[in-house]
Amino acid sequence: MHSLNIPTTMGMDVPLTPRQFAVYQDCRRDFLETRRNGPASVKPTPEMQAYFEKLGHVREIAYASKPLARNIWRPVGEEEPADTRAALESAVTHMQATEEALNDRKVPVILNGAAFYADPADPSDIGVRIHFDCLEKMGRGAKECFRLAAIRGAISIYETGIKVMVETGEIRITKKINKAAAQRLALQLWVLRQNGIEIKEAGFLMVDPDYKHPGGVNYDPKKLLIFEDVIKELEAMFPEIESTLAAMKELDRDGDLSTVEHDEGCPYQVITDPYDVRHLGRGGRPPAALRGSGITDIRKIGDDFVPHADAGKNQFSERVWRQIRAVRDNTIVFDKAEAARHVARIKELLKPRGARVVSLDFETINPLLPVFKDTRPFEISTLQLSSHTLPDLNVLLKKPAVWRTQMSHSEYLYRGDTDGDWVAPAAKAILKAVGKAGPILTWNQSFEIGRIREMARIMEERGDTATAERLYALIGGDKIKQYAELAEKARQAGDHDVAKKITALIKALKSLETDTSAPWEDLAKHFKKKYAAYAQQMDEIRLDNGRIVDLEDVITLSMYHPGFNFHYKLKTVTPALTPYEYAKLQGEIKRGDVASLALEEMLNPQTSKPQRKKLMKDLLAYCSLDTEAPVWILSFLLKLIDGRIPLSLSGKGAK
């Protein structure tokens, strides 16, 4: 018989929850606030709900593969009681149903079960309340044991940061199981073990990233889902769990909220002071040079600042210095020479006959469950693009009313009308939009380069080498092929160490979703001095981005405006430097992740025709803004170089 420690609800303390456990690890003050006031009632935004539903589809497929399973959780649509006591009573009911299922030989699998750990040393202490996804029986009789599985779907919504999600609108998704998810599962395993339930395997039931979609709307659970047993890793977390729970209970009993400060880097704190030095650490942890210095206000950092002895000798990076001086002096800090260097490259790309300035942006989907035949989970498909084109760079020195009349716009949106082939029409639309010569402006070039490279690879595999070569030419050629040629050259020269490392780089690049120099930088330090010639050639390959110009890089490396609010996102930089406003957008799509969700909804056969039409309209309007904004920024940059814009932000000086 399997028996859970089921308490009555009278006279008992409210148990700790996994979410509170995670909150405690990030910020003890917020743990106490959660315990004292209860979790805030949060109504998910539509985009948050869409992410939850993605995971929900995986759960449905997993549950459907276990027809004899008993689902313990409340009926679909029934919310947990807001009242703490009522919620506890509901949990006890679920615990009793879980115990009944554990002892029912006809139930091979328990879904959404519940359990408490009651501390034998303190009967009045309920301990930890958990819910688990899936508990599957693996044996019979007295030796009966179980497999514990968390259905993650290879997607991890940052559950510990519900407060952050509500305040900033961010939902963080990862293909890999993060530490927070592992800790939650380890806590479930620990509680079940404390209740005497033998768990032989524990891990994550996830979508297989190598699953290839055969097409249609149905998925084979046996091929789609894989189980990864990580019980040893989870058991290694037990000492940390036990010590953390003990500290939580101690703080819960004796902690005074007024004396518990936010932990450094706590993700739940909101920094409202615009001069707080924590902004320099991107909203939480200030640079090492400041720690221990006693300086909390950016305006107190002088140009002669020397780090505190305990903070080490590291000074600020040039980018952080620009932020400090701009915020402190309420001015635009501008490196004219650096900006002019990038503009010179743009002008060089404009020399060929017929060259034009093109601003380009893509919208994509990377669905958890693949949509198109022969695609895999999280495989990126480029379904939309927008471009704005100018024949002349100098016209941007004039008033917007003048240069906007000379600017043309083109767009493409996949509507599901090419029998699932999005690649060929998207490639054709890109080549038509960018023309034969001229700079292609992007914001965060790694994304656009990665998408173009992927399309070129697919077209090459199809035998359309002409289209593939034209696409590769936009981004400086096929880097993987160029690295492979260099590796072969190294082998022939007997430099096998170099060849091995370049081959590792090629493997890393193939697995990346976006182009990046990080793998090269990691490898370069190993042999740059010994094999300088190879390092130089690798550098030439890495830095050749063809016609692509990353305007985000230009701004990040050359200037800072206090209005950036310590970010270099397009939607932050644009309103700081120009009168161009994203706020005028009338549709519901105002962010890239929302656009991706909208594209998936548009392709869903169950979406109504009126809704599909509305989504198309909103998608086209949104993507258009993302290509006009960089042109406004480039106009501002050219005028700043030309001395037509003052650096001082008059009338708003720092106090």
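Residues numbered from 1 in each chain as written. Predicted model: local features only at pLDDT ≥ 70, side-chain atom pairs only at ≥ 80, totals over all residues. Heavy atoms only, no water.

Visitor: When you look at the overall build of the chain in this model, what are you seeing that I'm missing?
Guide: Counting its secondary structure elements, the chain contains 23 helices and 13 strands. Total accessible area computed for the chain in this model is approximately 32200 Å², and 50% of it derives from carbon and sulfur atoms. (Helix = DSSP H or I, 4+ residues; strand = E, 2+ residues; numbered from the N terminus. Areas by Shrake-Rupley, 256 points an atom, 1.4 Å probe, with all protein chains shown as cover.)

Visitor: I would appreciate a short explanation of the pattern of salt bridges in the present structure.
Guide: Two side chains bearing opposite charge may form a pair once their charged atoms approach each other closely. Summed over the entire model, instances satisfying the criterion amount to 27 salt bridges. Put simply, Arg-644 and Asp-642 hold a salt bridge, and the shortest N to O gap is 2.6 Å. The structure contains a network of salt bridges with shared partners spanning Asp-303, Arg-325, Arg-328 and Asp-329. (Salt bridge = Lys/Arg side-chain N within 4 Å of Asp/Glu carboxyl O.)

Visitor: Help me out: how do you make sense of empty space enclosed by the protein in this one?
Guide: Here the idea is plain: a probe the size of a water molecule rolls over the atoms and shows the empty space left. Inspection of every chain in the model, using the stated rule, returns two cavities of 30 Å³ or more. Roughly 30 Å³ of internal volume is contained in the second largest cavity. Lining the second largest cavity, in full, are Pro-18, Phe-21, Ala-22, Gln-25, Ala-180, Gln-183, Arg-184 and Leu-187. Elements with a contribution of two residues or more to the lining of the second largest cavity: helix 1 (18-26) and helix 6 (179-194). (1 Å grid on protein atoms, 1.4 Å probe; cavity = no way out; pocket = protein on both sides within 12 Å on 5 of 7 lines; lining within 4 Å. Points joined across faces, edges and corners; volume = space filled by probe spheres on them.)

Visitor: Got a minute to help me understand unusual backbone geometry in this structure?
Guide: In most cases, non-glycine residues show a negative phi, while peptide bonds are predominantly trans. You will see that Asn-112, though not glycine, has its phi angle at about 55 degrees, which is positive. If you trace the backbone, Asn-112 turns up in strand 2 (residues 109-117). The phi dihedral of Phe-378 is positive, around 70 degrees, even though this residue is not glycine.

Visitor: Which parts of the structure should I look at to understand the nonpolar core?
Guide: A general feature of soluble globular proteins is that nonpolar side chains tend to end up buried together. Grouped together as the largest cluster of nonpolar side chains are 58 residues, with contacts concentrated most on Ile-301, Phe-316, Ile-555, Met-559, Phe-564, Leu-634 and Leu-637. Sorting the residues of this core by element identifies helix 10 (318-329), strand 7 (333-334), helix 11 (336-349), helix 20 (551-558), strand 13 (559-560), helix 21 (570-577) and helix 23 (609-641) as the ones contributing at least two each. The biggest single contributor to this core is helix 23, with eleven residues. Other than its neighbours up to four places away in sequence, Phe-564 contacts Ile-555, Met-559, Thr-572, Val-573, Ala-576 and Leu-577. Judged by nonpolar contacts, the second largest core, of 52 residues, contains Leu-88, Ala-101, Phe-116 and Val-260. (Core = buried A, V, L, I, M, F, W, Y, C linked by side-chain atoms within 4.5 Å. Buried < 20%, exposed > 50% of the residue type's maximum accessible area, 1.4 Å probe, protein only. Contact = heavy atoms within 4.5 Å.)

Visitor: Any chance you could explain the sheet that holds strand 9 (residues 381-390) here in plain terms?
Guide: With mixed pairing, five strands are arranged side by side in an open sheet as 10-9-8-11-12. Two strands lie at the open edges of the sheet, namely strand 10 (408-413) and strand 12 (548-550), each paired on one side alone. Taken over all neighbouring pairs, the strand axes of this sheet differ in orientation by 25 degrees on average, direction set aside. Along the sheet, helix 14 (residues 445-461) makes contact with strand 8 (357-365), strand 9, strand 11 (440-442) and strand 12, crossing strand 8 at roughly 75 degrees. (Pairing = 2+ DSSP bridges. Axes fitted to C-alpha atoms, helices over the stretch in contact; angles between N-to-C directions.)

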